[in-house]
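Here are the chains, one letter per residue:
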Amino acid sequence: MDLTFTKEEEDFRDRLRTWLQDTLPRLPPEPPADDWPARRAHDCAWQRALHDAGYAGLHWPAHAGGQGATPTEYLIFIEETERAGAPYVGANFVGLLHAGPTIAAEGTAAQRARWLPPILRGDEIWCQGFSEPEAGSDLASLRTRAVRDGDSYIVTGSKIWTSHAEVADWCELLVRTDPSAPRHRGISWLALPMNAPGVTVRPLRTLAGTTEFAEVFLDEVRVPVTYRVGLENDGWRVTMVTLSYERGTAFAGEVVACRRTLTSLARTARANGRWDDPVLRRRLGRLHAEFTALWRLVQWNTCEAAHAARTGGDGAPGAGASVFKLRYSQARQELYEAAAEVLGPESLDTRHEWTAQRLSSLSYTIAAGTSQIQRNIIAERILGLPRGR
Amino acid sequence: MDLTFTKEEEDFRDRLRTWLQDTLPRLPPEPPADDWPARRAHDCAWQRALHDAGYAGLHWPAHAGGQGATPTEYLIFIEETERAGAPYVGANFVGLLHAGPTIAAEGTAAQRARWLPPILRGDEIWCQGFSEPEAGSDLASLRTRAVRDGDSYIVTGSKIWTSHAEVADWCELLVRTDPSAPRHRGISWLALPMNAPGVTVRPLRTLAGTTEFAEVFLDEVRVPVTYRVGLENDGWRVTMVTLSYERGTAFAGEVVACRRTLTSLARTARANGRWDDPVLRRRLGRLHAEFTALWRLVQWNTCEAAHAARTGGDGAPGAGASVFKLRYSQARQELYEAAAEVLGPESLDTRHEWTAQRLSSLSYTIAAGTSQIQRNIIAERILGLPRGR
Amino acid sequence: MDFRLTDDQRALRAGMRGLLAARYPRERLRSLADSPGGPPAPDRGLWQALGEAGFFALRLTEQDGGAGLGLPEAVLLFEEAGRALLPGPLVATHLAAGLVPGAAEGACTVTALDRPGPAEHLASAEAVLLLDGRAARVLRVSPGGAPRALRARPARSVDSTTPLHLVRQLPRPPDGSATTVPADASRLCREAALLTAAQQLGSAFRTVELAVSYARNRSQFGRPVGAFQAVQHLCAEMLVRAELARAAVYAASLATGPEGAAEIAAAKLLADSAAVRNARDCLQVHGGQGFTWEADVHLHLKRGWLREGQWQSAAESEELLANTLLHEASHLPDGPHASDATDVLDAENVTA
Amino acid sequence: MDFRLTDDQRALRAGMRGLLAARYPRERLRSLADSPGGPPAPDRGLWQALGEAGFFALRLTEQDGGAGLGLPEAVLLFEEAGRALLPGPLVATHLAAGLVPGAAEGACTVTALDRPGPAEHLASAEAVLLLDGRAARVLRVSPGGAPRALRARPARSVDSTTPLHLVRQLPRPPDGSATTVPADASRLCREAALLTAAQQLGSAFRTVELAVSYARNRSQFGRPVGAFQAVQHLCAEMLVRAELARAAVYAASLATGPEGAAEIAAAKLLADSAAVRNARDCLQVHGGQGFTWEADVHLHLKRGWLREGQWQSAAESEELLANTLLHEASHLPDGPHASDATDVLDAENVTA
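Since this is a predicted model, take the numbers as computed values, not measurements.

**Q** What is the right way to read the overall build of chain A from this model?
**A** When helices and strands are counted, chain A shows eleven helices and eight strands. Taken against the 2.2 N^0.38 rule, which gives 21 Å for 389 residues, the C-alpha radius of gyration of chain A at 21 Å falls within 12% of a compact globule. When its C-alpha atoms are laid out on the principal axes, chain A stretches across 70 × 50 × 45 Å. Out of the 389 residues in chain A, the part that is buried amounts to 58%. Sequence separation of 24 or more characterises 71% of the internal contacts of chain A that already satisfy a separation of 6 or more. Here chain A displays about 15,000 Å² of accessible surface, and carbon together with sulfur accounts for 51% of that area. Looking at chain A, you have 45 positive and 48 negative side-chain charges, and the mean spots of the two groups are 4 Å apart.

The structure is reproduced here in structure tokens:
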């Protein structure tokens, strides 16, 4: 057990910190939340800056154009960028964390050459077409179908909960290529050009009034067979690689941010007098314990992943990530409940960032596998309980 | 909506209160908790006193030897006896609240004449033989079998969680009379004489170190067919009448007692300084709300039962009793958790009554249908959700 | 004692439900929620219809133009209003009937405050009921903006059907703008808490219905999600919260005398929890659908957040209930139950 | 950074587990729990075996007869002790190694107190470590009774394998009976909290195992109860609590410097919750079986209750953590995240 850093890691942190100090003040201000083209431009410029400084695809393998950093270095990167208040990964999320790693792991050399460099440079944006209106937690029941027609698939169906669809160039798409196969078979993974004829994007309004998600309708969209990653009907396995990334270090930056928010809560409570209420104070103290432990759990999972990578595993976080996701999503909601308590009547004003976050936090126990699904995974895959029926 | 009482009800309450004031000071002191014969004698003497004063079987119908009181009068009886600190129903519990009402509802005239008067007079004690080691929540899977042999059944098997078995005269017993029938059929209800050859009682030690329960082993015990109540193989239906009593007003007295305990907690906390902790104080305040509402729910259920009785129903509480049981069992545990908080280190001493109660409260979310089972009942029978599989 | 509703009470409730179904159907709620200019002022036509139906005058005597009914009946009507998420300063206008001309008939809207904090529908109100002192006061205002005397600023309301101002200060008692009216402010505050609790109760039962209906119809993994124990048990706990709150709210509407304040505090506490936690669980049952603007559940959650901060917060209710306990404790006779075992133990062998 | 256990640490843990399996098998625990005369004194033979295995001297330097290891290794050993529910004043004797002759070798037992309250194994101890002041003190006592200086009375211990006294008062500093020893009391208190948390952690993981094993083997309604989602989800939450506590406890064992106190408070808080709530849920999974004396789960629950009150209560940990937050807040730079939107809103249009 060792939580200290090597000389190399400390050097990496120092270089990064210096670069962030130099770079962040020169960035343009954040665009308005509902101006998608401006947000795309902003996010891409940040990604380009990272790329030019040698930080793009930090934890991607070298053969995919990445820097081959260790998981520890990647964690340092997340921690330092978040602490410095750097822009979020934003529109580059799917490319850098889902589609890119999938292509890196499962794509051909030609596919890697075509798709990965523009992701790393911030030239192309990806979105995700997995969920469907009728297939939520039960992702494998997806119905969007792709029928082979010569060198193309003809794709028809609809997808939901697609972030950044309005401004994306590509969509990583799961389609059913063999309707007669068992649910988890017969699925394929396609790269869909968002400008293809037959693709319609309709913004989806969330309960927070925001439109960061969209529905994507596909009406006989023609996708070249060469845009398929992995074998036909092997898309489920290909996808699992991607999903396990989503359940891993993807939340690490958010934990750092939550810890900062917690500190701000204390400061605000002290300023407005609510700090004198021991019930609230002890609640904040317990949240401090929770987020401290969640950060340690991130480190634990990172070290496990690093070990797996060194010993030939793929470095993808295992089912243990469900433990983290389950608790983190709950703790995040508790954090913003506590924030409402700190704010008092001010919490009824949605202009307050914490109120907006309180609303958006409601999706955390639902998105990327509901808490109910996570508990099933833990019970069956980690604890080995018999399959629920 | 009317929570005031009629003149008749107020008169009933006054008479009862006067009688309790006269009678209770003359009762002998409570015997030690582990002296079962003494406890039987004590409980029977109290029941005899009730009988002689005209309060025995208050809510039983007249044809069963009861007083035919309304549910409201019965609730007044429970409230007043509990407030006055009268003895608990104790060893007479099964007779007065399970076996007796079952015989009253389903027995023949001869059976009623044989069994009911001794229950009401405190002459005979009943215990309950329903649960089995392998059939807990899944009561209908019971295995104790009864084979017909002339005018008798030959009964073999074992029962568990039987209160007062050491001192009981009779046991209301569920046995399987048709092993080939579906689970809920093929069960019969028998009155088992506890002194019959082949009956062995072994005390069962609870986590509180007490032995109020026992295991009952039955080795080819001969029970006359005339001791069967209801039709052969109709015992499940017969039993449901009994069980629904258990889930009804049976807890009403305990709610009154819990409200008293809560008041004592406040007094103790004030005396030992813990009242100054707002976290504890607000916790007690919330428990006050819970128990206030639980008492109102008892009144609500009582009025519903009274209405059902007036309009020809059987007065037995319906599935709504699960709502009460689910919340009450949880609230009782929270009450004694709060008590431990009030006591501080003293709570580690089992001589403290609240510590003993904290331990025994742990059974409340398990006994008489676990909380999980109660939630199933509410979801499926009240809310009409599809059967879980 | 008959806790159940009388036939008249059932008829009253059914009438209110019918009125709302006709005048305030779900489409109306949804169109209000989608108002492009933010939360709209109350619908004056509907307000007048409520007035004609006796919603505001309910508890005035017949000679004062009322129905001569009591808090139990008012609770039933407000439960229905909460169920339908009817917006508007319903509680304040109801309390103002007889105190502010036009309130009883639904000819004007009145909002109310017992302290600085959120004020609903302030800009459109004709009067503000000030309940911060011993006697109630009425501040007459001209609709169209927030009155200067309150130092209020408009909020971007989280509840998109309820416009909100955050009020910084109430005018100090000797203030010409506010007129004292013959009503006990603390009684009105208790009644406001109770009627707000009734609205929360209605919302809590409505989200049970929404969750159950969704769970019956939505299929995942080849069966209705309502067949999964995890979903069943969420729904069961929702019902328990609502039923417990109902017992508390109905009983509090009948309570008279000094213990009434504690009963109302219990009612508010349990109804607030039921409304907010049920909406929360209903959202979870709905999965991704629950996170969309189109589902109604978020409207219940946001209204629940607003109502739980009004009139009596959880902290205030809990402290009031705790103090009531202490008061009871000082009157507890030293019966067989009252002895505290601590005393027994303390008397025992101490090795010193 | 490599948070995972080293091979040496794994070997150390395996050695401890092996020692306990041989010297303190489940039958031994059960026979202690059933002792007719109440909770027995620690088994001196086992105590000596622990001493020989280096359990107490672990962190002394090699020249002082120790293993020269640190808190991370101690945490692993105490986790194993907690897992097996090993009774005895393990933490106090471990802390007393080097301060009380014989403690390091397991030749004597030492209990400890940081304030009046419950003292475990007081009657059989050779010394009491007093940690209420700045410097640690040692009170030498003759086994067989509670020392008069402590004004203690014996309790009927809820944990039937841990004899308890309730201590009324610690001897005031200039007291001839207690000798000052060269150790910082507050450091020892923090270490005691951490090692107690490690025991709770071991218990929390053990009750996960017990629950899972029972759920796999017990059938109801024609299938293992572990196939019911309600039971599955109880077990899943148990694991989450234990894993979160583990991350906190292991990290706290590595923490040095001023933030160490907060890390230890977090570890104690989360490990206490994990131990007590897991035992509680494990009991529920066991159904009626869990309510019997024969099931082990109640022993975990009762030990958990005892340990959660020792060294740092939840209230103390939470207040400490809250104050750390405030301290951090005062050092927070005004970066883009640090601005409080309240300030933004307060500057806006106030209509007054």
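Following the structure, the description resumes.
**Q** Teacher, can you tell me more about the interface of chain A and chain D here?
**A** Often, the extent of an interface is quoted as the loss of accessible area on bringing the components together. The partner chain D presents 63 residues to the 65 residues of chain A that form the contact. Taking both partners together, chain A and chain D bury about 5,900 Å²; carbon and sulfur atoms supply 63% of that area. The largest per-residue losses of area from chain A upon contact with chain D belong to M1, R267 and W300 of chain A, which jointly make up 16% of the total buried on that side. Applying the counting criterion to the chain A and chain D interface returns five salt bridges. Inspection of the chain A/chain D interface yields 21 residue pairs in polar contact (both at pLDDT 80 or more). Looking at the side of chain A that touches chain D, the elements with two or more residues in it are α3 (71–83), α7 (252–272), α8 (278–310), α9 (320–343), α10 (353–361) and α11 (371–382) of chain A. Of the residues forming the side of chain A that touches chain D, the biggest block, 20 residues, is contributed by α8 of chain A. For the side of chain A that touches chain D, the per-class residue count stands at 27 nonpolar, 16 polar and 22 charged.

**Q** Even after reading the chapter, I still don't get the sheet that holds strand β6 (residues 164–167) of chain D, so can you show me in this structure?
**A** Within a sheet, each strand pairs with its neighbour through backbone hydrogen bonds, oriented either parallel or antiparallel. Residues and elements named next belong to chain D. Strand order across the open sheet formed by three strands is β2-β6-β5, with antiparallel pairing between neighbours. The sheet is open, and its two borders are formed by β2 (117–120) and β5 (152–155), each paired with just one other strand. If you compare each strand with its neighbour and ignore which way they point, the axes differ by 35° on average.

**Q** Hey, could you run me through the side chain of R241 of chain C in this one?
**A** Residue and element names in this part refer to chain C. With respect to the element layout, R241 can be found in helix α7 (residues 229–254). A polar atom in the side chain of R241 sits 2.8 Å from the side chain of N278. If we ignore the near neighbours within four places in the chain, the residues touching R241 are S273, A274, R277, N278 and D281.

**Q** Would you explain the packing of aromatic side chains in this entry?
**A** Each aromatic ring pair is summarised here by two numbers: the centre-to-centre distance and the angle between the ring planes. One pass over the full model with this rule turns up 47 aromatic pairs over all chains. Joined through ring pairs, the aromatic side chains of F12, W19, W46, Y55, Y74 and F77 of chain A make up one cluster. Directly above the aromatic system of F228 of chain C lies the positively charged group of R223 of chain C, at a separation of 4.0 Å from the ring centroid.

**Q** Explain the domain arrangement of chain A to me, please; I cannot follow it from the model alone.
**A** Residues and elements named next belong to chain A. Partitioning chain A into structural domains gives domain 1 (7–88), domain 2 (127–234) and domain 3 (251–382). Using C-alpha coordinates to define each centre, domain 1 is positioned 29 Å away from domain 2. Taken together, the contact between domain 1 and domain 2 spans four residues of the former and seven residues of the latter. Surface buried jointly by domain 1 and domain 2 totals about 500 Å² across both partners, of which 57% is contributed by carbon and sulfur atoms. Along the contact surface separating domain 1 from domain 2 lie one salt bridge. Here R40 makes a salt bridge to D169, at a shortest N to O gap of 3.0 Å. At the junction of domain 1 with domain 2, the criterion picks out two residue pairs in polar contact (both at pLDDT 80 or more).

**Q** Honestly, the environment of L173 of chain B in this entry has me stumped. Any pointers?
**A** Residues and elements named next belong to chain B. Position of L173 among the secondary structure elements: in strand β4 (residues 170–176). When the C-alpha atoms of L173 and I76 are compared, they prove to be 32 Å apart, with 97 residues separating the residues in sequence. Non-local contacts of L173, meaning those with residues more than four positions away in its chain, are made with G129, V155, K159, S188, W189, L190, L192 and L218.

**Q** What is the right way to read the UniProt feature "domain: Acyl-CoA dehydrogenase/oxidase N-terminal" (unreviewed entry) in chain C from this model?
**A** As annotated in UniProt, the feature "domain: Acyl-CoA dehydrogenase/oxidase N-terminal" (unreviewed entry) corresponds to residues 6–94 of chain C in the numbering used here. With 58% helix and 0% strand, the stretch residues 6–94 of chain C has end C-alpha atoms that lie 23 Å from each other.

Thresholds applied
- Residues numbered from 1 in each chain as written.
- Chains lettered and ligands numbered in written order.
- Predicted model: local features only at pLDDT ≥ 70, side-chain atom pairs only at ≥ 80, totals over all residues.
- Heavy atoms only, no water.
- Helix = DSSP H or I, 4+ residues; strand = E, 2+ residues; numbered from the N terminus.
- Rg over C-alpha atoms; globule rule 2.2 N^0.38 Å.
- Buried < 20%, exposed > 50% of the residue type's maximum accessible area, 1.4 Å probe, protein only.
- Contact = heavy atoms within 4.5 Å.
- Areas by Shrake-Rupley, 256 points an atom, 1.4 Å probe, with all protein chains shown as cover.
- Lys, Arg positive; Asp, Glu negative; His and termini not counted.
- Charge placed at Lys NZ, Arg CZ, Asp CG, Glu CD.
- Buried area = accessible area lost by both parts, 1.4 Å probe.
- Salt bridge = Lys/Arg side-chain N within 4 Å of Asp/Glu carboxyl O.
- Polar contact = N/O pair within 3.5 Å; in protein donor to acceptor, adjacent residues only side chain to side chain.
- Nonpolar A, V, L, I, M, F, W, Y, C, P; charged D, E, K, R; others polar.
- Pairing = 2+ DSSP bridges.
- Axes fitted to C-alpha atoms, helices over the stretch in contact; angles between N-to-C directions.
- Phe/Tyr/Trp six-rings, centres within 6.5 Å; stacked < 30°, edge-to-face > 60°.
- Lys NZ or Arg CZ within 6 Å of the ring centre and 35° of its normal.
- Domains from an automatic or database assignment.
- UniProt positions renumbered as here; feature names shortened; annotations may be inferred.

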